[in-house]
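Breakdown of the fold
What follows is the residue order along each chain.
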Amino acid sequence: MELTRPIRTTQSDPPSSGEVTPLDGDPVAERFHFLVNAPALFNAVVTAVEWDVFRHLAEHPGSSLEELREFTGVPAHSLRVLLHAVCTTGLLERRTDGTYQNARAASELLAPDGPDSWRHILTGWKEIYYPAFSQMSQALAAGTNTALAAHHGDEPTLYCRLAHNPELEAVFHRSMSAFTLKSLDALVECEEFATVRHLLDVGGGDGTTSNRLIAKYPGIRSTLFDIPSVAQLAGSSDAGDRIQLLPGDLFKDPFPTGVDAVLFSHVLEIFSGDQITELLAKAYAVLPAGGRVFIYGYNVSDDETQGWYSARLSLYLNVLASGQGMAYPAGDYEEWMGRAGFSDVRTLRGYPYEHGLTIGVKP
Ligand SMILES: C[S@@+](CC[C@H](N)C(=O)[O-])C[C@H]1O[C@@H](n2cnc3c(N)ncnc32)[C@H](O)[C@@H]1O
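Parameters and conventions
- Residues numbered from 1 in each chain as written.
- Predicted model: local features only at pLDDT ≥ 70, side-chain atom pairs only at ≥ 80, totals over all residues.
- Heavy atoms only, no water.
- Salt bridge = Lys/Arg side-chain N within 4 Å of Asp/Glu carboxyl O.
- Helix = DSSP H or I, 4+ residues; strand = E, 2+ residues; numbered from the N terminus.
- Buried < 20%, exposed > 50% of the residue type's maximum accessible area, 1.4 Å probe, protein only.
- UniProt positions renumbered as here; feature names shortened; annotations may be inferred.
- Domains from an automatic or database assignment.
- Pairing = 2+ DSSP bridges.

- Per an unreviewed UniProt entry, the protein goes by the name Methyltransferase and belongs to Streptomyces flavidovirens.

Focus: the pattern of salt bridges
- On inspection of all chains with the given rule, the structure shows 13 salt bridges.
- Across the pair Glu192 and Arg346 runs a salt bridge whose closest N-O atoms are separated by 2.6 Å. With Glu192 in the loop between helix H10 (185–188) and strand E3 (198–202) and Arg346 in strand E8 (residues 343–351), the pair connects residues that are 154 residues apart, well separated along the chain.
- We classify Arg346 as partly exposed; its relative accessible area is 34%.

Looking at the UniProt feature "domain: O-methyltransferase dimerisation" (unreviewed entry) in the protein
- Per the UniProt record, the feature "domain: O-methyltransferase dimerisation" (unreviewed entry) sits at residues 41–111.
- Along residues 41–111 the backbone is 63% helical and 8% strand, and the end-to-end C-alpha distance reaches 17 Å.

Side note on the domain arrangement of the protein
- In terms of domain boundaries, the protein breaks down into domain 1 (27–109) and domain 2 (131–361).
- Each of domain 1 and domain 2 has a C-alpha centre, and these two points are 35 Å apart.

Regarding the pairing of strand E4 (residues 221–226)
- With 5 of 6 residues buried, E4 is to be regarded as a mostly interior element.
- The sheet contact formed by E4 and strand E5 (residues 243–247) spans 5 bridges and is parallel. Within the sheet, the bridge partner assigned to Ser222 lies in E5 and is Ile243.

Shown next as C-alpha cells:
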C-alpha cells in the first residue's frame, strides 16, 4: 500500500533525536515508527472519544487546556498527557496560543454520535478485538482461537459465547453494525437487488443490512437467519413483517425454502473453505433456477499483500472469533461458488474498506 503522505515520527524538523540514518525519509521506516507506537496512540484516541473531547472541540474549537479540564473533569496533568498523545496523531491540533482544535478528519470521523459512529467501532475494538491480540503468537502457532478462553462458555466461536454476556454482546453488535453501516452503501446500491423478492440474510446480525435493503427496495422482504440471542437483537427493529427472524445455527439447521436470493454479508470469512463450500451448497439447494447468491465483505488483494482492514479482520478471526477463516481474495469465493454449481459468477471490486461483492446465479 503506497503511503501518499509520509507519517512523521516527530513534529520537529529535523527529527528531535537529531539522528540521521540511511532510513531517513524512507516511508516504510516512517510507518514502522508510527506502527510500534500505535497501540498506545489507539487507546489515547479512544480515551479522547470516551471523554467527548472531539465532540466538545467540534462545538467549541479553540478550547484551552483549562476549559477542556473543566469539561472532562479529569486531572490537568492527565489531560495534558492525553492531549499530547492525540496531537502526535494529527487528529488534534494545538494552536500557537495553546488552545486546541480538531483536525478535519477528527471532526468528521470522531465527533459524530450516530449509529454509524466510529466511537462504537473503536469501543468494540478496544474491549473485544485488541485485548485478544496479545495471544496472537500462541493462537496462530496452535492453529486455533486460544484467545476465546477469556470469554465464558464452551462454544467454539465468539459469536456463540457472547450470548453468555449480553452487555458485551450489545457492544459487539453496536460496533459491527456501525462498521456495516459505513461499508454498506455499495451493497445496497447494487441494482441486482431491485428484482429480489425474498432474501435470506444468512448471519444477518442485528438486522442492519436487511433494514437498509428493505428501505431501499420496497419489493423485498427478508428472512434473517442468526443464532437466537442475535436474532433477538434484530427483533427490536421496526421493520414490521418485512423482516422475519429465523433463529438457528447455520450448520445444524436447514435454510428455509421460498427465497429467491441468499446473502452472506460479512459471514463467510468466518469459516474454512470446506465450511464455505457447505454453506454455498445449502444456499444452492434452496434457491430456484435463476436465484442468486451474494457474498459481501472484505477481500484481500489477489496477491495477498494489501489491505489493512482485511489483515486485522483475518487475525481477529483466527486468534479470537472462530480460529479459522480470513478476508479471502475474491477469486477464492468465485471458485467455491463455481464448485457449488452457480454460474455467471463475477465480483464487483474496489469498494470502500477493501470490500467486494461476488454474485452467482443458479442455472
Ligand atoms: C460479522 S457478523 C455479520 C453480521 C451482518 N451480516 C453484517 O454484515 O453486519 C457475523 C454474524 O454471523 C452470525 N453467526 C456466526 N456463526 C453462526 C452460526 N453458527 N449460526 C448462525 N449465525 C452465526 C453471528 O452471530 C453474526 O451475527
